[in-house]
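Coordinate inspection notes
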Amino acid sequence: MAANGSVDVPEISAEWYRDVVDAAASSPEPVQWFVGHATEGVILLLGALLVLAALTRWSGGPHDRALALVAPLPAILAYVGSEWFKTVVDQDRPCRTVGRAIIAGTCPPPGDWSFPSNHATIAGALAVTTLLLSRRLGLVALPLAALGAFSRVFVGVHYPHDVIAGVLFGALVAVVAAPLLARPAAEALRRRGDRADPPVPKLASRTRQ
């Protein structure tokens, strides 16, 4: 284990970080530019895919519409959870402890802890929620989330275990939270639909004498 702030970083993760960052520093400038922009752009793309996936379910029944309505919430919950984990773990950024050149330009300030990666957490939650909404769009979102997570190591601001934990945590929150949140929302939509559609009066039959 490698010492890092108030925690010990797995040595294999520190070694992977050094290998990735060294490869990033020696990579062509177009590759550095692409990955450096992808680290933020992937989140925007995943958000757009989530919106498209939600729209595909809107024409369905109450459960489909409810799942579409609550789709952004797992990512928000996952982000809040990852922020809480950061305050518990207090793991310093590798760009301050390992001593390698980074593509990001500047290292996040002290107190902006490394574990888990917020970007990876949000990416995992968005990708898995998209998959729950639309298998076709989800299969596009999953590799995008992996690219976004890897980019955080490539630019030098996270260890590999930070992003792996982030993606898994975000995915877990999405798998658990999306169905749970959709149930009461679907019930509310059903009740609203019942109120919007008044019962059709029955015609009284007349018996001729």
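Throughout what follows, the structure given in this document is the object of discussion. Just so it is clear, the model here is predicted, and its values are computed rather than measured.

From N to C terminus, the protein chain includes eight helices and two strands. Ordered by position from N to C terminus, the α and β elements of the protein chain give β-β-α-α-α-α-α-α-α-α. Going through the 209 residues of the protein chain one by one, you find that 43% of them count as buried. The contacts of the protein chain with a sequence gap of at least 6 include a subset with a gap of at least 24, amounting to 77%. For the protein chain, the exposed surface amounts to about 11,500 Å²; the carbon and sulfur share of it is 66%.

This next bit is on the nonpolar core. Grouped together as the largest cluster of nonpolar side chains are 29 residues, with contacts concentrated most on L46, L67 and L133. Only α2 (29-57), α3 (62-70), α4 (73-89), α6 (118-133), α7 (135-154) and α8 (160-196) provide two or more residues apiece to this core. Apart from the residues lying within four places of it in its own chain, the contact partners of L67 are R57, L132, L133, A178 and A182. Y17, C95, A149 and F154 belong to the second-largest nonpolar core, a separate cluster that totals 16 residues.

Moving on, we come to α2. Taking 1.5 Å of rise per residue, 29 residues should cover 42 Å, and α2 covers 41 Å from first to last C-alpha, within 8% of that figure. Along its length, α2 reaches its greatest deviation from straightness, about 45 degrees, at T39. Every buried residue of α2 is accounted for by Q32, V35, A38, T39, V42, L46, L49, L50, A53, A54 and R57. Residues of α2 that are buried sit in contact with α1 (11-25), α3, α6 and α7.

Glancing now at α4. Spanning 17 residues, α4 covers 24 Å between terminal C-alpha atoms, matching the ideal 24 Å at 1.5 Å per step. Among the residues of α4, P74, A75, A78, G81, S82, K86 and V89 are the ones counted as buried. All buried residues of α4 lie within an arc of 150 degrees about the axis, which places them on one face of the element. For α4, the exposed residues set more than 90 degrees away from the buried face come down to W84 and T87. Positive phi shows up at D90, right after α4, with a value of about 55 degrees.

Conventions adopted
Residues numbered from 1 in each chain as written. Predicted model: local features only at pLDDT ≥ 70, side-chain atom pairs only at ≥ 80, totals over all residues. Heavy atoms only, no water. Helix = DSSP H or I, 4+ residues; strand = E, 2+ residues; numbered from the N terminus. Buried < 20%, exposed > 50% of the residue type's maximum accessible area, 1.4 Å probe, protein only. Contact = heavy atoms within 4.5 Å. Areas by Shrake-Rupley, 256 points an atom, 1.4 Å probe, with all protein chains shown as cover. Core = buried A, V, L, I, M, F, W, Y, C linked by side-chain atoms within 4.5 Å. Expected span 1.5 Å × (residues − 1). Bend = angle between axes of the 7 residues up to and from the residue. Arc of directions from axis to C-beta.

These figures capture arrangement, not role.
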